[in-house]
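Each chain, written out:
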Amino acid sequence: MPYFTRSQDRLERGGKIVADIFCALLLLAFSLVCFGALGGVLAFLILEACLLAVDYLVPSSDDAPGNAVR
């Protein structure tokens, strides 16, 4: 799935970036509190990698039929 779809305008794209940064900082804060400094950073990196993998594999309306998973 592309990060930005063709149907999104400039305002939606900016809002998506701001929301993603806020959520990443919130997840980092929670992982640091729960797992300490080293464990928190490691947990954050693993979680972000999993979230990016899910975004990459989920098909969108911009994908051609049959080409959803790259």
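Residues numbered from 1 in each chain as written. Predicted model: local features only at pLDDT ≥ 70, side-chain atom pairs only at ≥ 80, totals over all residues. Heavy atoms only, no water.

Caption draft 1: Local environment of the overall build of the protein. The helix and strand inventory of the protein stands at one helix and zero strands. With an accessible surface of roughly 5400 Å², the protein has 75% of that area assigned to carbon and sulfur atoms. (Helix = DSSP H or I, 4+ residues; strand = E, 2+ residues; numbered from the N terminus. Areas by Shrake-Rupley, 256 points an atom, 1.4 Å probe, with all protein chains shown as cover.)

Caption draft 2: Representation of helix 1 (residues 10-57) within the structure. With 48 residues, helix 1 extends only 24 Å from end C-alpha to end C-alpha; this falls clearly short of the ideal 70 Å at 1.5 Å per step. The largest bend in helix 1 is about 130 degrees, located at G36. Of the positions making up helix 1, those classed as buried are A24, S31, G40, F44 and E48. (Expected span 1.5 Å × (residues − 1). Bend = angle between axes of the 7 residues up to and from the residue. Buried < 20%, exposed > 50% of the residue type's maximum accessible area, 1.4 Å probe, protein only.)

Caption draft 3: Quick peek at a nonpolar patch on the surface. Taken together, Y3, I17, I21 and L25 make up a surface patch of nonpolar side chains, about 380 Å² in accessible area. Tracing the backbone shows I21 in helix 1. (Patch = residues over 30% accessible without salt bridge, like charges linked within 9 Å, V, L, I, M, F, W, Y side chains within 5 Å. Salt bridge = Lys/Arg side-chain N within 4 Å of Asp/Glu carboxyl O.)

Caption draft 4: Expanded view of the side chain of S31. Relative to the helices and strands, S31 resides in helix 1. Looking at S31, its side chain comes within polar contact range of the main-chain oxygen of L28, at 2.9 Å. (Polar contact = N/O pair within 3.5 Å; in protein donor to acceptor, adjacent residues only side chain to side chain.)

Caption draft 5: Spotlight on the environment of L28. With respect to the secondary-structure elements, L28 resides in helix 1. Separated by 13 residues in the primary sequence, L28 and V41 place their C-alpha atoms 7.1 Å from one another.

Caption draft 6: Spatial organisation of the side chain of Q8. Following the sequence through the fold, Q8 ends up in the segment before helix 1. Judged by its relative accessible area of 19%, Q8 is buried. Not counting residues up to four positions away in its chain, the partners in contact with Q8 are Y3, R13 and K16. (Contact = heavy atoms within 4.5 Å.)

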